Amino acid sequence: MRESIADFNKLIKLRLTLTVVFSASICFLMGSQQQGDINWVNWMILTIGGFFVTGAANGFNEIIEKDLDKLMKRTMDRPIPSGHMTTGQALVLSLIMGIGGTYLLLRLNFPTGVLAVFSIFLYAFVYTPMKRKSPIAVFIGAFPGALPPLIGYFAAFDEPRISWIPVILFLIQFVWQFPHFWAIAWVLDEDYKRAGFRLLPTTKQDKTSAFITLLSTIILIPVSLMPTVYLMPSGQPFGGNIYGLLALIAGLYFFWQAVQLYKNRDVASAKKLMYTSFFYLPLLQLTLLFDFIAR
């Protein structure tokens, strides 16, 4: 039983799935603050539905890459390449999760369900095969990776509102993914090469790849400060001063780690940048939630 649970967790990439659900849930609470009421039943539906949808996308990804996963040290113990689960079993589980999760999200409202289906399609069937063809895969993957804030925010409303707030939340997560992915790609470059993945900007651990990664952290700073600049109809921004200060400090620290990668161009510096990226996004989202000016 324990092995089956462990295999399921690896199939859905549990840590990644929980990160996605966390992002959507936080943005749901922001949307709920804006309308003045938190529907905890809908929050639970979003959490469960989002978990299933994300798990399905990751399951389809592993089915498509099952032969490539055998080649990489970090993935060869996944359930399909290790022989613990057949492709058919993984497909059935992924389909059940995808259909069930989409149904739950459609119960909240139509745009939320449509965005969920769109994210599965983009991640599993566009981003996944593109990883071996071109570094542009990171750009493509950033779209489904940034949809959770939109899905979570829209899920808070019976009829989703057209607003710049969810767009800004989307943009922050969208831009964040570039230094995040490229740091991971730098750390795992040797492993990725075994499967033919081309994810670094130049496909190499060179000065240009490091500079483009550095540039992405520079762009992230003004984007992360957009909640303190965009004015709502009330004339106030929706991000408070505490959020603005923390976003600036975190952005500068993220940038500094990217500078170290540019100077050293080694795995140790890439790891520090990668670990910084893990903490950066949830820290900003939590701070914005508690410093969110709803009206």
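Residues numbered from 1 in each chain as written. Predicted model: local features only at pLDDT ≥ 70, side-chain atom pairs only at ≥ 80, totals over all residues. Heavy atoms only, no water.

## A look at the overall build of the protein
This is how it is decided: Note on conventions: DSSP H or I runs of at least 4 residues are helices, E runs of at least 2 residues are strands, and numbering of each starts at the N terminus. Atoms considered for the radius of gyration are the C-alpha atoms alone. The globule rule reads 2.2 Å times the number of residues to the power 0.38. Think of it in three bands: with a 1.4 Å probe and only protein chains considered, a residue is buried below 20% of the maximum accessible area for its type, exposed above 50%, and partly exposed in between. Only heavy atoms enter the contact rule, under which two residues are in contact if any of them lie within 4.5 Å.
When helices and strands are counted, the protein shows 12 helices and 0 strands. Starting at the N terminus, the α and β elements of the protein follow one another as α-α-α-α-α-α-α-α-α-α-α-α. Radius of gyration (C-alpha) of the protein: 19 Å, near the 19 Å computed for a compact globule of 295 residues. Here the protein holds 295 residues, and the buried ones make up 53% of them. Residue pairs at least 24 apart in sequence account for 74% of intrachain contacts in the protein once pairs closer than 6 positions are excluded.

## A closer look at the pattern of salt bridges
Worth spelling out the cut-off: Salt bridges are identified by distance alone: a Lys or Arg side-chain nitrogen within 4 Å of an Asp or Glu carboxyl oxygen.
Using the criterion set out here, one finds 8 salt bridges in the structure. Note that Glu65 and Lys131 form a salt bridge whose closest N and O atoms lie 3.0 Å from each other. One end of the pair, Glu65, is in the loop between α3 (40-64) and α4 (66-69); the other, Lys131, is in the loop between α6 (110-130) and α7 (136-155), with 66 residues separating them in the sequence. Comparing Glu65 with Lys131, the two get one shared label, buried.

## With respect to the packing of α6 against α7
Put simply, the rule reads: Fitted lines through C-alpha atoms serve as axes, helices being fitted only where they are in contact, and the angles separating the N-to-C directions of these axes extend from 0 to 180 degrees. Angles below 35 degrees are treated as roughly parallel, those above 145 as roughly antiparallel, those between 65 and 115 as roughly perpendicular, and all remaining angles as oblique. Note on convention: the crossing is left-handed when the near helix lies turned anticlockwise from the far helix by less than a right angle, right-handed when the turn is clockwise.
The contact between α6 and α7 brings their axes to 9 Å, and the two run at 165°. Between α6 and α7, the crossing angle belongs to the class labelled roughly antiparallel. The interaxial crossing formed by α6 with α7 has left-handed handedness. Residues Thr112, Leu115, Ala116, Phe118, Ser119, Leu122, Tyr123, Val126, Tyr127 and Met130 of α6 pack against Ile136, Ala137, Ile140, Gly141, Phe143, Pro144, Leu147, Leu150, Ile151, Phe154 and Ala155 of α7.

## Regarding unusual backbone geometry
In this model, Lys13 sits at a positive phi of 50°, which is unusual for a non-glycine residue. Positive phi values are uncommon outside glycine, yet Arg265 reaches one of about 50°. Looking at Arg265, the relative accessible area reads 36%, which means it is partly exposed.

## Quick notes on α6
Residues separated by three or four positions in an α-helix point in the same direction, a consequence of the helix having 3.6 residues per turn. Formally: A helix's residues, less one, multiplied by 1.5 Å, set its expected span. In this analysis the local bend is the angle between axes fitted, respectively, to the seven residues ending at and the seven residues starting at the residue.
Taking 1.5 Å of rise per residue, the 21 residues of α6 would be expected to cover 30 Å, and the 29 Å separating its terminal C-alpha atoms lies within 8% of that figure. Leu122 marks where α6 bends most, by close to 30°. Taken residue by residue, α6 has Thr112, Gly113, Leu115, Ala116, Ser119, Ile120, Leu122, Tyr123, Ala124, Tyr127 and Thr128 as its buried positions. Residues of α6 that are buried in the fold lie against α2 (14-35), α3, α5 (87-108), α7 and α8 (164-187).

## Here's the deal with the packing of α3 against α5
Cut-off, in case you're wondering: Throughout, the ten residues Ala, Val, Leu, Ile, Met, Phe, Trp, Tyr, Cys and Pro are labelled nonpolar, Asp, Glu, Lys and Arg are labelled charged, and all others, Gly among them, are labelled polar.
Between α3 and α5, whose axes approach to 7 Å, the crossing angle comes to 150°. With respect to each other, α3 and α5 are oriented roughly antiparallel. Considering how the two elements wind past one another, α3 and α5 form a crossing that is left-handed. For the contact of α3 with α5, the class distribution of residues is 15 nonpolar, 11 polar and no charged.

## Here's the deal with α2
In this model α2 runs 31 Å from its N-terminal to its C-terminal C-alpha over 22 residues, within 8% of the 32 Å that 1.5 Å per residue would give. Positive backbone phi, at 90°, marks Gly36, one or two positions downstream of α2.

## Quick word on the packing of aromatic side chains
Keep this limit in mind: Aromatic rings from Phe, Tyr and Trp, taking only the six-membered ring of Trp, are treated as a pair when their centres fall within 6.5 Å; an angle between ring planes under 30 degrees marks them as stacked, one over 60 as edge-to-face, and anything in between as tilted.
Summed over all chains, the structure comprises 22 aromatic pairs. Arranged with centres 5.1 Å apart and planes meeting at 35°, the rings of Phe254 and Tyr280 form a pair that is tilted. Of this pair, Phe254 sits in helix α11 (residues 241-264) while Tyr280 is found in helix α12 (residues 267-290), placing the two residues 26 residues apart along the sequence. Residue classification places Phe254 among the buried positions, given a relative accessible area of 1%.

## Description of the side chain of Asn61
With respect to the element layout, Asn61 can be found in helix α3. Under the relative-accessibility criterion, Asn61 is labelled buried at 0%. With near-sequence residues (within four places) excluded, Asn61 lies in contact with Lys13, Tyr123, Ala124, Thr128 and Lys131.

## Side note on a nonpolar patch on the surface
Test applied: Exposure above 30% relative accessible area and the lack of any salt bridge qualify a residue for a patch; like charges then connect within 9 Å, and the nonpolar side chains Val, Leu, Ile, Met, Phe, Trp and Tyr within 5 Å. Throughout, the Shrake-Rupley method with a 1.4 Å probe supplies accessible areas, and for residues the shown protein chains are the sole cover considered.
Residues Ile64, Phe118, Phe121 and Phe125 make up a contiguous nonpolar surface patch of roughly 390 Å² in combined accessible area. Element by element, the count of residues in the nonpolar patch is highest for α6, at 3 residues. Position of Ile64 among the secondary structure elements: in helix α3.

## Observations concerning the side chain of Ser25
Along the chain, Ser25 falls in helix α2. Ignoring anything within four residues of it in the chain, the contact list for Ser25 reads Trp43, Leu46 and Thr47.

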